[in-house]
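# Structure at a glance
As a plain string of letters, each chain reads:
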Amino acid sequence: QLVESGGGLARPGGSLRLSCKAPRTITSEFNAHIMAWYRQAPGKVRELVASVGSGSTPVYADSVKGRFTAYRDNSRKTLNLQMDSLKSEDTAVYYCNAQRGLTSTWGQGTQVTVSS
């Protein structure tokens, strides 16, 4: 299972950085996985925030473009999400995902709350 960290409380306009560490079952083939961040707000469906293939340009949801930066460190088997200019609507549980073919691995999620 992937392990997320870095969630918490931030004020509007503030920043947070999330990290995701891959388990041993994935680390040996980490480069072969598409890594992504999803989020789910209360009462809403889970949505893609950012997706990063190995050696490729990240793809972002329109709602976070220009504010969030996703990047992976293949040597450390981690996926990170730098979140700047946070808004109240960014409040959600953020999940890390590793996808390879039909196999999808999720983390337990980390809560991000943006509030004044």
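Please refer to the structure placed before this passage.
First, a word on scope: everything that follows refers to the structure included in this document.

Rules and cut-offs
Residues numbered from 1 in each chain as written. Predicted model: local features only at pLDDT ≥ 70, side-chain atom pairs only at ≥ 80, totals over all residues. Heavy atoms only, no water. Helix = DSSP H or I, 4+ residues; strand = E, 2+ residues; numbered from the N terminus. Core = buried A, V, L, I, M, F, W, Y, C linked by side-chain atoms within 4.5 Å. Buried < 20%, exposed > 50% of the residue type's maximum accessible area, 1.4 Å probe, protein only. Contact = heavy atoms within 4.5 Å. Polar contact = N/O pair within 3.5 Å; in protein donor to acceptor, adjacent residues only side chain to side chain. Phe/Tyr/Trp six-rings, centres within 6.5 Å; stacked < 30°, edge-to-face > 60°. Lys NZ or Arg CZ within 6 Å of the ring centre and 35° of its normal.

Right, let's get into unusual backbone geometry. Phi at lysine 77 takes a positive value of approximately 60°, unusual for a residue other than glycine. Within the fold, lysine 77 resides in the loop between β7 (68-73) and β8 (78-83). Backbone geometry at serine 85 places phi at a positive 50°, although glycine is not the residue there. By secondary structure assignment, the location of serine 85 is in the loop between β8 and β9 (92-100).

Attention now moves to the nonpolar core. Core analysis: the biggest nonpolar cluster contains 28 residues, and Trp37, Leu81, Met83 and Tyr94 have the highest contact counts within it. Going through the elements one at a time, β3 (16-21), β4 (34-40), β5 (47-52), β7, β8, β9 and β11 (110-114) are the ones with two or more residues in this core. With four residues, the top contributor of residues to this core is β9. When sequence neighbours within four positions are dropped, the list of residues in contact with methionine 83 reads Gly14, Ser15, Leu16, Leu18, Arg67, Phe68, Tyr94 and Val112.

Note on placement: arginine 39 falls in strand β4. Of note is the side chain of arginine 39, whose polar atom sits 3.3 Å from the side chain of serine 63. A polar contact is formed between the side chain of arginine 39 and the side chain of aspartate 90, at a distance of 3.0 Å. Ignoring sequence-local partners within four residues, the contact set of arginine 39 consists of Val45, Arg46, Glu47, Val49, Ser63, Val64, Phe68, Glu89, Asp90, Ala92, Val93 and Tyr94.

Looking now at the packing of aromatic side chains. Applying the stated criterion to the full structure yields two aromatic pairs. Ring geometry for tyrosine 95 versus tryptophan 106: centroids 6.4 Å apart, planes at 85°, classification edge-to-face. One end of the pair, tyrosine 95, is in strand β9; the other, tryptophan 106, is in strand β10 (residues 103-106), with 11 residues separating them in the sequence. Residue classification places tryptophan 106 among the partly exposed positions, given a relative accessible area of 30%. The ring centre of tyrosine 95 lies 3.7 Å from the NZ or CZ of arginine 46, which sits over that ring.

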